[in-house]
Amino acid sequence: MSEILQKEEVFHDHWATSVNVDEVMVDEFFEACTSPENRFIIESLGDVRGKKIIELGCGLGEAAVYFAKKGAEVVATDISSGMCALVKKVAERHGVSLLTAQAYADKMPFPDESFDIVYAANLLHHVDIEAAIKEAKRVLKPGGKFVSWDPLAHNPVINVYRRMAMGVRTEDEHPIRMKQLDLFRKYFGEVKYETFWFTTLFIFLKFYFIDRVDPNKERYWKKILVDHKKLEKTYLQLEKFDKFILKIFPFLKRYCWNIVIIAKK
């Protein structure tokens, strides 16, 4: 596992050097129509003013900075020192302050019951899932929430995309399987989840077959944010259909792209 984490650190340090701080899409990450995961999370969390929030795997800092803008006390952690340095620049660009720490998700340098919310976006499929869940529970206050969202493993279209887009991914990623919800239930008393992107994945097919976007040159997850205004009409129509069909046939949820899991201590 240590070798895998070292590769992850190198990959993300290199990525951090290529990022233009002015192009990091903080508000869009939570408010764009094509950000259904974080829209769901914000609705579930409500007002975060004064809450102590730690982000695991902060990456470019979109979530950490967004929470700080909403009045939370934020600690942004990442395995990559380069990403931690980048987050500070993004925070300064948006006029907020936060703390950063280079840390592993399964071994955080913080006391028990330190935070109201632990937030992790696209992190668990890079790490030892059970160890990270257990550590999240440790640093949460009683009644605190662990909020996580990650890609699911079951959709064949997305799995083809993953095999094609190896230039912008790490080889040791392991998307979440529905049966791993049991790991959350093992450590938390209350667990709820929602899935996103079913027929809305038509947009990915459009990127590849119509727009001819090379998945190794442009990250599709970023393009849906950059193009969210152009995609809004199409996306919202497909989202309505997703909600309808997934309500009637809930077994199809496993074939969505992403899953949001909210676990309460």
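Coordinates for the structure precede this section.
First, a word on what this report is: a plain description of the structure on this page. Since this is a predicted model, take the numbers as computed values, not measurements. (Residues numbered from 1 in each chain as written. Predicted model: local features only at pLDDT ≥ 70, side-chain atom pairs only at ≥ 80, totals over all residues. Heavy atoms only, no water.)

1. Some remarks on the overall build of the protein
Link 1 in the chain: The number of helices and strands found in the protein is 11 helices and 7 strands.
Link 2 in the chain: When its C-alpha atoms are laid out on the principal axes, the protein stretches across 50 × 40 × 35 Å.
Link 3 in the chain: By residue count, 53% of the 265 residues in the protein fall in the buried class.
Link 4 in the chain: Long-range contacts, defined as pairs at least 24 residues apart, comprise 78% of the intrachain contacts of the protein with a sequence gap of at least 6.
Link 5 in the chain: As displayed, the protein offers around 12,900 Å² of accessible surface, 53% of which is attributable to carbon and sulfur atoms. (Helix = DSSP H or I, 4+ residues; strand = E, 2+ residues; numbered from the N terminus. Buried < 20%, exposed > 50% of the residue type's maximum accessible area, 1.4 Å probe, protein only. Contact = heavy atoms within 4.5 Å. Areas by Shrake-Rupley, 256 points an atom, 1.4 Å probe, with all protein chains shown as cover.)

2. Things to note about the packing of helix H9 (residues 202-210) against helix H11 (residues 228-248)
Link 1 in the chain: Where H9 meets H11, the axes come as close as 10 Å, and the angle between the chain directions of the two elements is 140°. Considered as vectors, H9 and H11 are oriented oblique to each other. Where H9 approaches H11, its residues Phe-202, Ile-203 and Phe-207 are matched on the opposing element by Leu-231, Thr-234, Tyr-235 and Leu-238.
Link 2 in the chain: Its residues assigned to classes, the contact of H9 with H11 comprises 6 nonpolar, 1 polar and no charged. (Axes fitted to C-alpha atoms, helices over the stretch in contact; angles between N-to-C directions. Parallel < 35°, antiparallel > 145°, perpendicular 65-115°, else oblique. Nonpolar A, V, L, I, M, F, W, Y, C, P; charged D, E, K, R; others polar.)

3. Re the nonpolar core
Link 1 in the chain: Residues Phe-67, Leu-98, Tyr-119, Trp-197, Phe-204 and Ile-224 are the most contacted members of the largest nonpolar core, which totals 55 residues.
Link 2 in the chain: Broken down by element, this core gets its largest block of residues, 6 residues, from helix H4 (residues 62-69).
Link 3 in the chain: Not counting chain neighbours up to four residues away, the residues in contact with Phe-67 comprise Phe-30, Ile-42, Leu-45, Val-48, Ile-53, Ala-72, Val-74 and Tyr-119. (Core = buried A, V, L, I, M, F, W, Y, C linked by side-chain atoms within 4.5 Å.)

4. So, H9
Link 1 in the chain: Taken together, the buried positions of H9 are occupied by Ile-203, Phe-204 and Phe-207. Viewed along the axis of H9, the buried residues span an arc of 110°, placing them on a single side of the element. Those residues of H9 that are exposed and angled more than 90 degrees off the buried face are Phe-209 and Ile-210.
Link 2 in the chain: The inward-facing, buried residues of H9 contact helix H7 (156-164), helix H10 (220-226) and H11.
Link 3 in the chain: Just downstream of H9, Arg-212 is the residue with a positive phi angle, here 55°. (Arc of directions from axis to C-beta.)

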